[in-house]
Amino acid sequence: MMNSTTNKPLCPCCFKAFSASILQDGNGNISTNNGSFNFGSICGTCEPTKVERALATKATNTSSASAAVVPPILWLLTPQEIEEATQAILAATKRNLDEIASTPLSDVTFENTIRKLMCPPNYKTNPQIAACKFLQHCSPDAQIREAASNAGKLFAKSRVEGRMRSDVYERVVAFSKTEECQHG
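The structure presented is a predicted model; accordingly, all values stated were derived computationally and were not measured.

**Thoughts on helix α5 (residues 127-134)**
The set of residues buried in α5 consists of Ile129, Ala131 and Cys132. Along α5, the residues classed as buried sweep out an arc of 160° about the axis, all on the same side. Of the surrounding secondary structure, the elements contacted by the buried residues of α5 are α3 (79-101) and α6 (142-163). Among the residues of α5, the N-terminal cap falls to Asn126, whose side-chain oxygen and the backbone nitrogen of Gln128 are separated by 3.0 Å.

This is the structure:
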């Protein structure tokens, strides 16, 4: 399994606020609007990693002597952890799609249908998927590269199977015809 003590990425609202606070001049130099950004100031639920904090600090400092040292990125996943995390994500994805498909067509809402498709464990919004797949491109360990590559193949297969589920599609179509969808 993935380490539960790992800092989670910025939530969408804080990421958007942080991204909006970064300015880039015509020469590609990056700075922030006010010289700093208070992570978690929007929702209070996310906490940046040491790397994110160092990069943010480095972006705000123009003096290399005062710039924070960006620590190396450590990839601590073993092949077994990649395989276990992959299986857990695939099981959670299937459970999520099964829950959506079991919703009666007359009871579909944004919350029980669309939101469930927008959030993890689904493919596009799940940072754990990226963590499992990414090492296929950069790990010096052949076993880790192979495990990450296999994870990528399993995720791709799951994504195709999920998109082919007519029972889930029927719920999306049913939601599109609801008053909630039509008039917000």
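The structure having been displayed, the exposition proceeds.
**Comments concerning the packing of aromatic side chains**
Taken as a whole and assessed by the stated rule, the structure comprises 1 aromatic pair. Arranged with centres 6.3 Å apart and planes meeting at 55°, the rings of Phe110 and Phe175 form a pair that is tilted. Of the two residues, Phe110 is situated in helix α4 (residues 110-118) and Phe175 in helix α7 (residues 166-176); the sequence distance between them amounts to 65 residues.

**Observations regarding the nonpolar core**
One finds Ile82, Ile89, Cys132, Leu135, Ala151 and Phe155 to be the most contacted residues of the largest nonpolar core, which totals 13 residues. For this core, the secondary-structure elements that each account for two or more residues are α3, α5 and α6. With 5 residues, α6 is the single largest residue contributor to this core. Those residues within four positions of Cys132 in sequence are excluded, and the remaining contacts are Ile82, Ala85, Thr86, Ile89, Ala148, Ala151 and Phe155.

**Some remarks on the confidence of the model for the protein**
Of the residues in the protein, 59% have a pLDDT of 70 or more, and the chain-wide mean is 77. The element-level mean pLDDT for the protein is lowest in strand β1 (residues 22-24), coming to 46, with α7 highest at 97. In the model, residues 22-37 has pLDDT below 50 throughout and makes 22 contacts with residues more than four positions away in sequence or in other chains.

**Brief notes about the pattern of salt bridges**
Scanning all chains against the criterion turns up 6 salt bridges. A salt bridge links Arg165 to Asp167; the shortest N-O distance between them is 2.9 Å. Take Asp167: its relative accessible area is 25%, and that puts it in the partly exposed class. A single network of salt bridges, built from pairs that share partners, joins Lys94, Asp98, Arg165 and Asp167.

Thresholds applied
- Residues numbered from 1 in each chain as written.
- Predicted model: local features only at pLDDT ≥ 70, side-chain atom pairs only at ≥ 80, totals over all residues.
- Heavy atoms only, no water.
- Buried < 20%, exposed > 50% of the residue type's maximum accessible area, 1.4 Å probe, protein only.
- Helix = DSSP H or I, 4+ residues; strand = E, 2+ residues; numbered from the N terminus.
- Arc of directions from axis to C-beta.
- Contact = heavy atoms within 4.5 Å.
- Polar contact = N/O pair within 3.5 Å; in protein donor to acceptor, adjacent residues only side chain to side chain.
- Phe/Tyr/Trp six-rings, centres within 6.5 Å; stacked < 30°, edge-to-face > 60°.
- Core = buried A, V, L, I, M, F, W, Y, C linked by side-chain atoms within 4.5 Å.
- pLDDT = per-residue confidence, 0-100.
- Salt bridge = Lys/Arg side-chain N within 4 Å of Asp/Glu carboxyl O.

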